[in-house]
Amino acid sequence: MVAAIDPAVLKFEAFPERNLTVMLFVEVTNAVDILAKLVDRTLEPELALLNPATVADLFTLQLAAHKAMVSHARNALVTHTLHSEVVFNLSASKHITESLRRYGMAETSSAVLVCRFDATAADVGAIRQLVQGREVDVEGELAGMKDAGLLKKYYRPGDLEVKAGVGTVEDAIASRIAAREVM
């Protein structure tokens, strides 16, 4: 029997009592069923389902999750749930539907990045039962799954921003996520 892979757990300095458990699945065969449950609001437990090709790195995911928790604490969620707010916050756009479509899991997805706030062992087990696919190490595999062309298309980093010695595409993405409300 293959040993289970430990999910990544992201912690938050401003919210020390909270965490985000992150799991990555490939060769997913039931994306249509999972999305149907999400749309019907019968998905248990509540999850953020992301397209891993559009997640630059775990830091930008952590930034999006932090923004979601701040909005939740202020009773100012833009979307219906804390978990959908994470998907929305990954976007540099203020358009909810476009953000969820671009950064969320699609019916044709063969890979999915699953996130759950404050996950229990039972939640992790339920996620593993829900997603029919092969779980892989998030920290080891996520970087190889990002689509650099798609990230450049969606975030439009300028040449100066990503010039050697100035910054990276990931830096530009983090800046856009963090500053979306003021741009």
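Read on for a plain summary of the structure.

Some points on the packing of helix 3 (residues 82–89) against helix 4 (residues 96–103)
At step 1: Where helix 3 contacts helix 4, the two axes come as close as 8 Å, and the packing angle between them is 85 degrees. Judged by the angle between their axes, helix 3 and helix 4 are roughly perpendicular. Counting all contacts with helix 3, which are made through S84, V87 and F88, the residues of helix 4 involved are I96, S99, L100 and Y103.
At step 2: Among the residues making up the contact of helix 3 with helix 4, the classes are represented as 5 nonpolar, 2 polar and no charged.

Some words on the layout of surface pockets
At step 1: Roughly 670 Å³ of internal volume is contained in the largest pocket.
At step 2: Considering the residues around the largest pocket, the lining is formed by 25 residues, among which L38, V39, T81, S84 and L100 are closest to the centre.
At step 3: Mapped onto the lining of the largest pocket, the elements with two or more residues apiece are helix 1 (31–40), strand 3 (48–50), helix 3 and helix 4.
At step 4: No other element matches helix 4, which puts 4 residues into the lining of the largest pocket.
At step 5: Tallied by class, residues from the lining of the largest pocket come to 12 nonpolar, 8 polar and 5 charged.

A few points about the side chain of H83
At step 1: Mapped onto the fold, H83 is located in helix 3.
At step 2: One polar contact links H83 to E46, side chain to side chain, over a distance of 2.6 Å.

What about the pairing of strand 4 (residues 112–117)?
At step 1: Within strand 4, 6 of the 6 residues are buried, which leaves the element mostly enclosed by the surrounding structure.
At step 2: Taking every second residue as pointing to the same face, both faces of strand 4 are buried, with V112, V114 and R116 on one and L113, C115 and F117 on the other.
At step 3: Bridge analysis of strand 2 (residues 19–26) against strand 4 gives 6 bridges, and the strand direction is antiparallel. Paired with L24 across the strands is L113, a residue of strand 4.
At step 4: Note: strand 3 against strand 4, 3 bridges, orientation antiparallel. Pairing of L49 across the sheet is with V114, part of strand 4.

About the criteria used
Residues numbered from 1 in each chain as written. Predicted model: local features only at pLDDT ≥ 70, side-chain atom pairs only at ≥ 80, totals over all residues. Heavy atoms only, no water. Axes fitted to C-alpha atoms, helices over the stretch in contact; angles between N-to-C directions. Helix = DSSP H or I, 4+ residues; strand = E, 2+ residues; numbered from the N terminus. Parallel < 35°, antiparallel > 145°, perpendicular 65-115°, else oblique. Contact = heavy atoms within 4.5 Å. Nonpolar A, V, L, I, M, F, W, Y, C, P; charged D, E, K, R; others polar. 1 Å grid on protein atoms, 1.4 Å probe; cavity = no way out; pocket = protein on both sides within 12 Å on 5 of 7 lines; lining within 4 Å. Points joined across faces, edges and corners; volume = space filled by probe spheres on them. Polar contact = N/O pair within 3.5 Å; in protein donor to acceptor, adjacent residues only side chain to side chain. Buried < 20%, exposed > 50% of the residue type's maximum accessible area, 1.4 Å probe, protein only. Pairing = 2+ DSSP bridges.

These figures capture arrangement, not role.
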